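Okay, here's what each chain looks like letter by letter:
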2 protein chains.
Amino acid sequence: MLIDDLPAGRVVRDPDVLRGFAHDEAEWAPFGLPALVVRPHSAEEVQAVVQACLAHRTPLVTRGAGTGLSGGANAVDGCVVLVTDRLTAVKEINEQERYAVVEPGVVNDDLRAACAERGLWYPPDPASSPWSTIGGNVATNAGGICCVKYGVTRDYVLGLQVVTGTGALVRLGRRTAKGVAGYDLTGLMVGSEGTLGVITEVTVRLRPARAAERTVAGYFGTTVAAGEAAAAVAARGILPSALELVDRHCLAAVDRWKNMGLSADADVVLLARTDAPGALGEHEAAEILACFEQAGATWAAQSTDQAEADALFAARRLAYPALERLGPLLTEDVCVPTQAVPEMLARIDAAGQRHGVLIANVAHIGDGNLHPLLVTPAGDEAAKKNAQAAFDDIIAGALDLGGTVTGEHGVGLLKQPGLARELGPEVLGLHHAVKDALDPHHILNPGKVFPERSRA
Amino acid sequence: MLIDDLPAGRVVRDPDVLRGFAHDEAEWAPFGLPALVVRPHSAEEVQAVVQACLAHRTPLVTRGAGTGLSGGANAVDGCVVLVTDRLTAVKEINEQERYAVVEPGVVNDDLRAACAERGLWYPPDPASSPWSTIGGNVATNAGGICCVKYGVTRDYVLGLQVVTGTGALVRLGRRTAKGVAGYDLTGLMVGSEGTLGVITEVTVRLRPARAAERTVAGYFGTTVAAGEAAAAVAARGILPSALELVDRHCLAAVDRWKNMGLSADADVVLLARTDAPGALGEHEAAEILACFEQAGATWAAQSTDQAEADALFAARRLAYPALERLGPLLTEDVCVPTQAVPEMLARIDAAGQRHGVLIANVAHIGDGNLHPLLVTPAGDEAAKKNAQAAFDDIIAGALDLGGTVTGEHGVGLLKQPGLARELGPEVLGLHHAVKDALDPHHILNPGKVFPERSRA
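Only a predicted model underlies this, so the values are computations on that prediction, with no experimental measurement involved. (Residues numbered from 1 in each chain as written. Chains lettered and ligands numbered in written order. Predicted model: local features only at pLDDT ≥ 70, side-chain atom pairs only at ≥ 80, totals over all residues. Heavy atoms only, no water.)

Participant: Please give an account of the overall build of chain A that cites residues and values.
Facilitator: Within chain A one finds 13 helices and 18 strands. Relative to the globule expectation of 23 Å for 456 residues, the C-alpha radius of gyration of chain A, 22 Å, shows essentially globular dimensions. Considering only C-alpha atoms, chain A reaches an extent of 65 × 55 × 45 Å along its principal axes. Intrachain contacts of chain A at a sequence separation of at least 6 include 72% that bridge at least 24 residues. (Helix = DSSP H or I, 4+ residues; strand = E, 2+ residues; numbered from the N terminus. Rg over C-alpha atoms; globule rule 2.2 N^0.38 Å. Contact = heavy atoms within 4.5 Å.)

Participant: Explain the relation of the copies chain A and chain B to me, using residue names and the numbers behind them.
Facilitator: Rotating chain A by 180° about the axis while translating it 0.0 Å along that axis superimposes it on chain B, leaving an RMSD of 0.0 Å. The transformation relating the two chain copies, once decomposed into turn and shift, fits a two-fold axis. With an isologous cut-off of 70% or more, the 100% of interface residues of chain A that recur at the interface of chain B puts this contact in the isologous class. (Least-squares fit on C-alpha atoms with pLDDT ≥ 70 in both.)

Participant: How would you summarise the sheet that holds strand β4 (residues 80-83) of chain A if you had to cite specific residues and measurements?
Facilitator: Residue and element names in this part refer to chain A. Strand order in the open sheet formed by four strands is β1-β2-β4-β3, with mixed pairing between adjacent strands. Two strands bound the open sheet, and with one partner strand each, they are β1 (11-12) and β3 (60-63). With two bridges joining them, β1 and strand β2 (residues 36-38) adopt antiparallel strand pairing. Each residue of the ladder has a partner; that of V11, found in β2, is V38. Running at roughly 170° to β4, helix α2 (residues 43-56) makes contact with β2, β3 and β4 of the sheet. (Pairing = 2+ DSSP bridges. Axes fitted to C-alpha atoms, helices over the stretch in contact; angles between N-to-C directions.)

Participant: Before we move on, could you go through the interface of chain A and chain B and cite the residues and values that matter?
Facilitator: The interface of chain A with chain B comprises 73 residues on the first partner and 73 residues on the second. Summed over both partners, the interface of chain A with chain B comes to about 5400 Å²; 66% of that surface belongs to carbon and sulfur atoms. When the buried area of chain A at its contact with chain B is split by residue, K178, V180 and Y183 of chain A rank highest and sum to 18% of it. The interface formed by chain A and chain B contains six salt bridges. A salt bridge links R154 of chain B to D184 of chain A; its shortest N-O distance comes to 3.2 Å. Inspection of the chain A/chain B interface yields 19 residue pairs in polar contact (both at pLDDT 80 or more). When residues of the side of chain A that touches chain B are traced back to their parent elements, those giving at least two are β9 (169-173), α6 (185-189), β11 (207-208), α7 (223-235) and α13 (416-438) of chain A. Here the side of chain A that touches chain B takes twelve residues from α13 of chain A, the largest share from any one element. Residue classes in the side of chain A that touches chain B are distributed as 34 nonpolar, 26 polar and 13 charged. (Buried area = accessible area lost by both parts, 1.4 Å probe. Salt bridge = Lys/Arg side-chain N within 4 Å of Asp/Glu carboxyl O. Polar contact = N/O pair within 3.5 Å; in protein donor to acceptor, adjacent residues only side chain to side chain. Nonpolar A, V, L, I, M, F, W, Y, C, P; charged D, E, K, R; others polar.)

Participant: Tell me about the pairing of strand β17 (residues 358-364) of chain B, residues and numbers included.
Facilitator: Residue and element names in this part refer to chain B. For β17, the buried fraction is high: six of the seven residues fall into the buried class. Both strand β13 (residues 242-247) and β17 contribute to a ladder of two bridges, which runs antiparallel. Within β17, the residue paired with V246 across the bridge is V362. Note that β17 and strand β18 (residues 369-375) share seven bridges and pair antiparallel. Paired with H364 across the bridge in β18 is N369. Connecting β17 to the next strand, β18, in antiparallel fashion are four residues, including G368 with a positive phi near 75°. (Buried < 20%, exposed > 50% of the residue type's maximum accessible area, 1.4 Å probe, protein only.)

Participant: If you had to explain the state of the cysteines to someone new, which residues and values would you point to?
Facilitator: For the structure on display, the rule yields zero disulfides over all chains. A disulfide-free cysteine, C147 of chain B has its sulfur positioned 5.7 Å from the sulfur of C146 of chain B, the nearest such atom. (Disulfide = S-S within 2.5 Å.)

Participant: Before we move on, could you go through the sheet that holds strand β10 (residues 197-205) of chain B and cite the residues and values that matter?
Facilitator: Residues and elements named next belong to chain B. Taken in spatial order, the five strands make up an open sheet running β5-β6-β10-β8-β9, and their pairing is antiparallel. At either end of the open sheet lies a strand with only one pairing partner, and these are β5 (90-94) and β9 (169-173). Each strand axis lies, on average, 15° off the axis of its neighbour in the sheet, ignoring direction. As judged from the seven bridges shared by strand β8 (residues 157-164) and β10, these two strands associate in the antiparallel manner. Bridge assignment links G159 to a residue of β10, and that residue is T203. Most of the contacts of helix α2 (residues 43-56) go to β8, to which it runs at about 45°, and overall it touches β8, β9 and β10.

Participant: How would you sum up empty space enclosed by the protein? Please name residues and give values.
Facilitator: Residues and elements named next belong to chain B. Counted under the stated rule, the structure contains one cavity of 30 Å³ or more. Computed from the structure, the largest cavity encloses a volume of approximately 40 Å³. Lining the largest cavity, in full, are E25, A26, E27, W28, L69, Y320, L329, L330, T331 and L414. It is strand β16 (residues 329-331) that provides the largest number of residues to the lining of the largest cavity, a total of three residues. (1 Å grid on protein atoms, 1.4 Å probe; cavity = no way out; pocket = protein on both sides within 12 Å on 5 of 7 lines; lining within 4 Å. Points joined across faces, edges and corners; volume = space filled by probe spheres on them.)

Participant: Please provide a residue-by-residue account of the pattern of salt bridges, values included.
Facilitator: Residue and element names in this part refer to chain A. Evaluated as defined, the whole model comprises 56 salt bridges over all chains. E95 serves as the salt-bridge partner of R118, at 3.1 Å between the closest nitrogen and oxygen. Of this pair, R118 sits in the loop between α3 (108-116) and β7 (120-121) while E95 sits in the loop between β5 (90-94) and β6 (99-102), placing them 23 residues apart in sequence. Here E95 falls in the partly exposed class, since its relative accessible area comes to 38%. Here R171 ties to E201 by a salt bridge, and the two come within 2.8 Å at their closest N and O atoms. Of the two residues, R171 sits in strand β9 while E201 sits in strand β10 (residues 197-205), which places them 30 residues apart along the sequence. Exposure remark for R171: the relative accessible area of 48% places this residue in the partly exposed category. One connected set of salt bridges, linked through shared partners, spans K149, R210, E213, R273, D275 and D310.

Participant: I'd love a proper account of the packing of aromatic side chains, names of residues and values included.
Facilitator: Residue and element names in this part refer to chain A. Across all of its chains, the model carries ten aromatic pairs over all chains by this definition. A ring pair is formed by F220 and F292, whose centres lie 5.7 Å apart and whose planes are at 75°; its orientation type is edge-to-face. Taken together, the residues span a long stretch of sequence, with F220 in strand β12 (residues 214-220) and F292 in helix α9 (residues 278-294) at a distance of 72 residues. According to the relative accessible area criterion, F220 is buried, its value standing at 0%. Owing to a relative accessible area of 0%, F292 belongs among the buried residues under this scheme. Its guanidinium or amino end placed over the ring of W257, K258 lies 4.2 Å from that ring's centre, counting from NZ or CZ. (Phe/Tyr/Trp six-rings, centres within 6.5 Å; stacked < 30°, edge-to-face > 60°. Lys NZ or Arg CZ within 6 Å of the ring centre and 35° of its normal.)

Participant: For unusual backbone geometry, give the residues involved together with the corresponding values.
Facilitator: All names here are of chain B. Phi angles above zero are rare outside glycine, and E193 is one such case at about 55°. Position of E193 among the secondary structure elements: in the loop between α6 (185-189) and β10. On the basis of relative accessible area, E193 is assigned to the buried category, the value being 7%. Unusually for a residue other than glycine, V449 sits at a positive phi of about 70°. By the secondary structure assignment, V449 is in the segment after α13 (416-438). Residue classification places V449 among the buried residues on the basis of a relative accessible area of 2%.

Participant: Outline the packing of α13 of chain A against α13 of chain B, listing residues and values.
Facilitator: A pair of packed helices is captured by two measures, namely the crossing angle of their axes and the spacing between those axes. α13 of chain B packs onto α13 of chain A with a crossing angle of 150° between their chain directions and a minimal axis gap of 9 Å. The angle between α13 of chain A and α13 of chain B places the two elements in the roughly antiparallel class. In terms of crossing hand, the pair formed by α13 of chain A and α13 of chain B is right-handed. Judged by residue contacts, L430, A433, V434, A437 and L438 of chain A of α13 of chain A engage L430, A433, V434, A437 and L438 of chain B from α13 of chain B. Split into classes, the residues belonging to the contact of α13 of chain A with α13 of chain B amount to ten nonpolar, no polar and no charged. (Parallel < 35°, antiparallel > 145°, perpendicular 65-115°, else oblique. Left-handed = near helix turned anticlockwise from the far one by under 90°.)

Following this line, the structure appears as structure tokens:
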């Protein structure tokens, strides 16, 4: 099948539209211009697009909502961009077996809402959940706020339908609770950022709806003190259902944008939740509060006002777009051992001061996943250079502390130098071998995750 | 390094010893005789063995305790068998970050005990836990009793050190809570049954120690009624921490062996546990009890006697070795959707009757993972043929009901025909491609999981 044989409305060649699909939200990553954009309506149409790209050796970049922060969905010059925004069916929600089968373009929050109607819960909740798609979440193995207790996207993907690098449409994985039939190719596809296959259907495991959460908030004078409070929670063996850090730069930016009346009379706010039921939840909330107070919180309390608690979490989710209004953001995603969080936060502060860069911080601090956001004024090339230097220092610091360069955003383009340092040449060689095996003609998102190497 | 350069005591050539390492517990699977057995004391010695096998293109079969039930550790004629029984160090248990780093030969229960001393818990608990090793558990992605609530081995493996098929000693994965730096090669190694790498170190995630469990037991007149009770528990949204089925053949065999005074005045016993704390646990136990009674239990109660409850679970664990005393067992490991469990149990009964085969049943019934055990008198070739026919019928039934041929034992040799049916030629082709990529000379456990294909 040729791409021109697709039904009307699938192929877009309007240059203005093409430009709109040229890159994701990683403002610092390079991108090219696609030759065309395709919006398939079925798995078979996706397969036709892959086969056409194979026939012409044309690079294919798959994209969901384009909310990625590492450049993973950025176009290569002359490529085909396959957009999943016409693949939005929730095909099945099975209450007894607790799974859902969805097309890749279903928005995360839409799936969550559909599950909630049946008393079920799909946990992975990236901050982009109102916009990002399940397909994109799977491609990047997205995390989120509740990961600290409930794990990441990979922990919920039971099965996939994908088009492979040789143009075959196959099913991987299963719908049963357990299964070890062959290699875990499902897990291999999750987080491979569109470089090993194009996802056409996702089967996710669901959980029963959970108990209402209790919220504990604490204000701190320094990010480091907040880091110590979070490390203390982990050391006590408490498993909170959320443990987030938001600093005053983020709170102020959200407040200026949304006028939410957020108090910003603290340098850092920690937001913790527990969904343990009954007396255990009460106990965990009290323990978290004690950790906050002992680490030197200037104010801390269990929230008795659900609306206020929800507003604080909404501010957490809006931090990124709010700060984006101040200038292009360079987003970090390092993850370090929880006990190294105070030291890592101190190194982030120091990197900002050393290079004269404004660094705002949000963090999934409960699992050591930090998102320093490096803010630069638009068009200021010197500031951009300084931000890049601070970015490199932070990466080096995370690796030095036993961490990883990317906790949940993926490698895309921005994290490639860090990835090469983290993995080393031998493990990178294994990645090349897997890529060669599953995408022998290198048409699937070439140059993402790791650079193309010259081949014999 | 040549194998002969290894320090004294590493290499065994005594034919009697070699015979002892020729096969695992899958009594029906074919096996050959190893040329030698090697017991390395370090990762570097493992690497030397792999490099020596590479140099001579000698097949290498890695084995832990040899408790596998699919033939995955069976020797190939003239191979080297690498035994991990000298690699038994628990290198680190990190209480703050909740992980442990162990050598592959550490026995599952030993790791569990070491963790318990620190208030931590390593959940995966195959019935072989008193004997089987973490390395073997990782190689087969072992399940167990608590999987129904807490997942399988893969859910706990954060990182691995492995020797690759090209003889490199590499680290995969991480020690942080989250991480998406590159492909999930850690997850790919888990469950690959020694065909993609030799594991030399495992980093596992731990959980905080949990609340004491409540036990509910129910006696049923038929396996099918018990299946309906289990399906009802799932349908109510209860997540038990164990939900096991043991039939009267198993109870009687354990009783004859261990004289535990087990009541066998029922055809089937269901054993459920909940570890939900406090009032929620009480509520869940009551709900489970109601499910049992409504499904027609002839007797059901929440156990008030911990020793009695523990004895019932001990009998569950001893079912396999107890039945083995009656004759060679052919062990099934199908996993079906939980709502299909009653139908699957009926089909197992029918297969036994059709072919005149005694089939005992134990099952992780809460996640649909059934272990029909086909008992044949030793040396009776006609009975063996009948058992194979019943085995094939059960596999066909599981696939027909949307299940998988192996829930937790692995493919090894016995499940290869079923695997080929389950995956189909295209997905099997992806397996070959991955194998070729990571073990280009096919020295790592060749012919396991899927047959070797002729190569150009």
